[in-house]
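# Structural description and commentary
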Amino acid sequence: MAIAQSIDKNPAELDDVPGWFPPLDQLLFTWFLERQEKGGLRGDLVELGVYMGRSAILLGRHRQDGEEFTVCDLFGGEAPDGANQAETAKSYSSLTRQAFERNYLSFHDTLPRVLEAPSSVISAEVKPGTCRFVHIDASHLYEHVRDDIGAARDLLLPEGVVVLDDFRSEHTPGVSVATWEAVLNRGLRPICLSTQKLYGTWGDPEPVQEELLVMLEERTDIGLSVQDAAGHRLVRARANKGLQAPPFPHSRHYIPPVPQPPAAPAPAPVPASRRPRSRARRIGVDLMPPILTRTVRRALANRSR
């Protein structure tokens, strides 16, 4: 997917940050996080793989007092193996920690906890059973994704949500294999699927699904279908034409547009009946003999009615 945004300027809006985070997933992230907050669930937030920070910026807005938000990325550093190094060089050559931090601080006063390391370090850096939301968008190689899913299972609270990116993209088969292996053999329960991401839990998905279905069924800008596969209810959501991302605050670099003065109204046309007679007509009539003048004036008056 091409990135139209510049990677070297301060963003004014969330969509100015380069990355792959479509409106539907912005809406779903917001819905899941707000549902947790309204329900009183507290826990830390984790993102594995941040690229330029678009999804991390949204997650950071939902960090509650006393919670910690941890992000982990190589940021162009040394990868743990040759295959991962090749993947990084091909897809993320422009990624730097400086670019991520500049984008993040455009919207927030402080940075999250940043780990410049492979995602495999996360289990040693974050305590097990402390997280309510984990977003996995790091390496697309099967072995790494499999281990990231295992780490998420250990980090999450029972009601916590894990989000797996690129689980069905044609160029990331390793993510697909690791994801469905976790569903079939490792206890992961899908909550819903978007075009790019699978949202799941190791807890009970049904209460969340029921609330989610109510929200989705009320929207005309989201397509919805429900299927059953291998004992799992799969709620599928897709963006319809016109779907907009939920409102998000401007960055500190946002410059409001200068209001333009209203255009002056065009002058109203003068009705034909009120237009003055030409000077020639007035003179021609006025110079006629009185009897002819009265006759002509009467004829002209009748003609103008």
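Everything below is about the structure printed above this text.
### Digging into the pattern of salt bridges
Any two side chains of opposite charge can pair, on the condition that their charged atoms come close. One pass over the full model with this rule turns up 13 salt bridges. For Glu37, the salt bridge identified is with Arg132, shortest N-O distance 3.2 Å. Taken together, the residues Glu37 in helix α1 (residues 23-38) and Arg132 in strand β4 (residues 131-136) connect sequence positions 95 residues apart. For Glu37, a relative accessible area of 22% gives the class partly exposed. Where Arg153 meets Asp154, a salt bridge forms, and the shortest distance between an N and an O atom there is 3.9 Å. Residue Asp154 is classed as partly exposed on the basis of its relative accessible area of 42%. Salt bridges sharing partners connect three or more residues here, namely Glu37, Glu67 and Arg132.

### Structural notes on the environment of Ser194
When you line up the elements, Ser194 lands in the loop between β6 (189-193) and β7 (197-201). In this structure, the C-alpha to C-alpha distance between Ser194 and Arg238, residues 44 residues apart in sequence, is 5.9 Å. In this structure the side chain of Ser194 is engaged in a polar contact, spanning 2.8 Å, whose partner is the side chain of Asp25.

### Quick word on the environment of Trp31
As for its position among the elements, Trp31 is in helix α1. When its relative accessible area of 17% is taken as the criterion, Trp31 is described as buried. Residues Trp31 and Leu212, spaced 181 residues apart in sequence, show a C-alpha to C-alpha distance of 8.4 Å. Setting aside residues up to four positions removed in sequence, Trp31 forms contacts with Val208, Glu211, Leu212 and Met215.

### As for the packing of aromatic side chains
Applying the stated rule across the entire model yields eleven aromatic pairs. Geometrically, the ring pair formed by Phe75 and Phe100 is tilted, given 5.7 Å between the ring centres and 45° between the ring planes. One end of the pair, Phe75, is in the loop between β2 (69-73) and α3 (82-91); the other, Phe100, is in helix α4 (residues 97-105), with 25 residues separating them in the sequence. Note on accessibility: Phe75 and Phe100 belong to one class, buried. Each member of the aromatic cluster is reached from another via a ring pair, and the members are Phe21, Phe29, Trp31, Phe32, Phe133 and Tyr199. One residue, Arg61, lies across the ring of Phe248, its end atom 5.4 Å from the ring centre.

### Observations concerning unusual backbone geometry
The backbone phi angle of Tyr51 is positive, close to 45°, even though this residue is not glycine. Tracing the sequence through the fold places Tyr51 in the loop between β1 (44-48) and α2 (54-60). Even without being a glycine, Ala230 presents a positive backbone phi close to 55°. Inspection of the secondary structure puts Ala230 in the loop between β8 (222-229) and β9 (232-239).

### Description of the side chain of Asp44
Its place among the elements puts Asp44 in strand β1. Arg132 provides the closest opposite charge to the buried, salt-bridge-free Asp44, at an N-O distance of 7.5 Å. Excluding residues that lie within four positions of it along the chain, Asp44 makes contacts with Gly66, Glu67, Glu68, Thr130, Cys131, Arg132 and Phe133.

### Here's the deal with the packing of helix α6 (residues 142-155) against helix α7 (residues 173-185)
The geometry of α6 relative to α7 is characterised by a closest axis approach of 8 Å and an angle of 35° between their N-to-C directions. Crossing angle aside, the handedness with which α6 passes α7 is right-handed. Of the residues in α7, those in contact with Tyr142, Val145, Arg146 and Ile149 of α6 are Gly174, Val175, Val177, Ala178, Thr179, Glu181 and Ala182.

### Looking at the pairing of β7
A large share of β7 lies buried, amounting to five of its five residues. Burial of β7 is two-sided: the residues Lys197, Tyr199 and Thr201 facing one way and the residues Leu198 and Gly200 facing the other way are all buried. Here four bridges tie β6 to β7, and the two strands are oriented antiparallel to one another. Across the sheet, the residue bridging to Arg189 is Thr201, located in β7. Where β6 hands over to β7, the hairpin turn is made up of three residues, counted between the paired strands.

### Quick notes on the packing of α1 against helix α8 (residues 206-217)
Two numbers describe how α1 lies on α8: the axes approach to 12 Å, and their chain directions differ by 130°. Between α1 and α8, the angle falls in the class oblique. For the crossing formed where α1 meets α8, the hand is right-handed. Residue-level contacts link Leu27, Leu28, Trp31, Phe32 and Arg35 of α1 to Pro207, Val208, Glu211, Leu212 and Met215 of α8. Looking at the contact of α1 with α8 residue by residue, the classes come out as eight nonpolar, no polar and two charged.

About the thresholds
Residues numbered from 1 in each chain as written. Predicted model: local features only at pLDDT ≥ 70, side-chain atom pairs only at ≥ 80, totals over all residues. Heavy atoms only, no water. Salt bridge = Lys/Arg side-chain N within 4 Å of Asp/Glu carboxyl O. Helix = DSSP H or I, 4+ residues; strand = E, 2+ residues; numbered from the N terminus. Buried < 20%, exposed > 50% of the residue type's maximum accessible area, 1.4 Å probe, protein only. Polar contact = N/O pair within 3.5 Å; in protein donor to acceptor, adjacent residues only side chain to side chain. Contact = heavy atoms within 4.5 Å. Phe/Tyr/Trp six-rings, centres within 6.5 Å; stacked < 30°, edge-to-face > 60°. Lys NZ or Arg CZ within 6 Å of the ring centre and 35° of its normal. Lys, Arg positive; Asp, Glu negative; His and termini not counted. Axes fitted to C-alpha atoms, helices over the stretch in contact; angles between N-to-C directions. Left-handed = near helix turned anticlockwise from the far one by under 90°. Pairing = 2+ DSSP bridges. Parallel < 35°, antiparallel > 145°, perpendicular 65-115°, else oblique. Nonpolar A, V, L, I, M, F, W, Y, C, P; charged D, E, K, R; others polar.

Scope: geometric values only; no functional claims are made or implied.
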